[in-house]
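One-letter residues, chain by chain:
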Amino acid sequence: MQRRQLIQAAGALPVLSFATLAARTAFAFDGPELYAGEKALYAEAQKEGLCVSFDTGPEWANWKSLFRDFKKRYPEIELTYNDIGSAATVVALEKTRRRPQADTAYYFAASAVDAAKKDVVAPFKPVNFDKLPPVFREAEGRWFTIHTLNIAFLVNKKLVKNVPTGWADLLKPEFKNTVVYLDPRSTGIGQVLTFAAAYANGGSVDNVQPGTDYLGKLHAAGNVLRVEGTTPYAKFLKGEIPVWISYENDGLKAKHVDGMGDAVEVVIPKEASVAAPYAISLVKNGPNPNAGKLWLNFIMSEAGQTLFAQGFVRPAVPGTPLSADVAAKMPAAPQIRPLDVVKASERKAEVDRLWALAALGNK
């Protein structure tokens, strides 16, 4: 509304006031509010008219559907985005701290922790904030988890006779030269799967050595085909990987979207898995704070959380209702543990050292 000039010529009809215009458009959606105060916040957001959402590429995690439904519900708010990656998002926020360009920032939660330390994000507690596990949110709301990616075995049944159901299975001789995973020293997912292996073997985020010891045993058994430095999704689609330890959504996408169909089995290992949190923040001194809050509340509402599930990532808010077809693709898995990324980040150097020792024999 601020950007629209109202010009009243002599003899013309009376021009509507800003308050009248806001009142007319504040109730653009029908039915009940998603949360108390939604319509009032929309009225304030309309005065800004824009929300800049950093690192929400439309093809990732079903952001395109969230963009679509947000615009449908709030037609007076333009939503723009970029897609630059988690670490680059924090760098961009730092560089523009004196004159912020973004209203919200999305990233792997370890980068969110970094952003909070660098004081480039603001406290804001959206709807459903208090339902999140404590390790999935910063206490004052400087970041909070909106969905998770979970460690799973992505199995090409054309290349593997028996589908492994747990970490112990992968140590069997029948899985010689079949397992591929990402390097923990250079990739986030490699770090996360090491913690998952730790939980499965009696360890935890505070005791990662059972995880690195397990991976060492996997190498010693000759069951590791190779360790990758970047995601080998294309190789998996081509049928070059029998068992890939990766994120659940990669397997579901290969199965239901990219043509592999029933050749793929997606297994949450029975002993334990880990949920890697992906978080979002309100940017400190962002240009459109009310539009940013409107966007964050929508993301955390039941409507937004359900859309994430349709994109094969698990909603962060417990109890989010899923349609029968989506629930069938992502069945309940109580063995998934929420990863404390603050503690995990503090142990990166230890993971790097222990993995290199166990898997490569480096001292």
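Residues numbered from 1 in each chain as written. Predicted model: local features only at pLDDT ≥ 70, side-chain atom pairs only at ≥ 80, totals over all residues. Heavy atoms only, no water.

### A few points about the packing of aromatic side chains
Under the criterion given, the structure shown has 19 aromatic pairs. Taken together, a centroid distance of 5.0 Å and an interplanar angle of 80° make the contact between Trp63 and Tyr106 edge-to-face. Separated by 43 residues along the polypeptide, Trp63 in helix α3 (residues 63–73) and Tyr106 in strand β3 (residues 104–108) bring together distant segments of the chain. Accessibility expressed as a relative area gives 2% for Tyr106, which makes it buried. Note on Phe153 and Trp167: the rings are 5.1 Å apart at their centroids and 85° apart in plane angle, and the pair reads as edge-to-face. One end of the pair, Phe153, is in strand β5 (residues 144–156); the other, Trp167, is in the loop between β5 and β6 (179–182), and 14 residues separate them in sequence. Looking at Trp167, the relative accessible area reads 1%, which means it is buried. (Phe/Tyr/Trp six-rings, centres within 6.5 Å; stacked < 30°, edge-to-face > 60°. Helix = DSSP H or I, 4+ residues; strand = E, 2+ residues; numbered from the N terminus. Buried < 20%, exposed > 50% of the residue type's maximum accessible area, 1.4 Å probe, protein only.)

### Some details on the confidence of the model for the chain
When pLDDT is averaged along the chain, the result is 91, and 92% of the positions lie at 70 or above. Low confidence marks residues 1–27, where pLDDT is under 50. Its contacts with residues over four positions away, or in another chain, come to 30 contacts. (pLDDT = per-residue confidence, 0-100. Contact = heavy atoms within 4.5 Å.)

### Examining unusual backbone geometry
With a phi close to 70°, Asn128 is a non-glycine residue in the positive phi region. Judged by its relative accessible area of 22%, Asn128 falls in the partly exposed class. Even without a glycine there, the phi angle at Phe312 is positive, about 70°. Residue position: Phe312 is located in the loop between α11 (302–310) and β11 (314–315). Note on Phe312: relative accessible area 11%, which makes it buried.

### Topic: the packing of helix α4 (residues 86–95) against helix α5 (residues 109–117)
Contact geometry of α4 with α5 gives a least axis separation of 9 Å together with a crossing angle of 15°. As summarised for this structure, α4 and α5 are arranged roughly parallel, according to the angle between their axes. In the crossing of α4 with α5, the sense of the turn from one axis to the other is right-handed. In this structure, α4 contributes Ser86, Ala87 and Val90 to the contact, and α5 contributes Ser111, Asp114 and Ala115. Each residue belonging to the contact of α4 with α5 can be placed in one class, and the counts come to 3 nonpolar, 2 polar and 1 charged. (Axes fitted to C-alpha atoms, helices over the stretch in contact; angles between N-to-C directions. Parallel < 35°, antiparallel > 145°, perpendicular 65-115°, else oblique. Left-handed = near helix turned anticlockwise from the far one by under 90°. Nonpolar A, V, L, I, M, F, W, Y, C, P; charged D, E, K, R; others polar.)

### Thoughts on the environment of Lys118
With respect to the helices, strands and loops of the structure, Lys118 is situated in the loop between α5 and β4 (121–122). Considered as a pair, Lys118 and Gly31 are 87 residues apart in the sequence and their alpha carbons are 41 Å apart. Not counting residues within four places of it along the chain, the set of residues in contact with Lys118 comprises Val90, Glu94 and Arg97.

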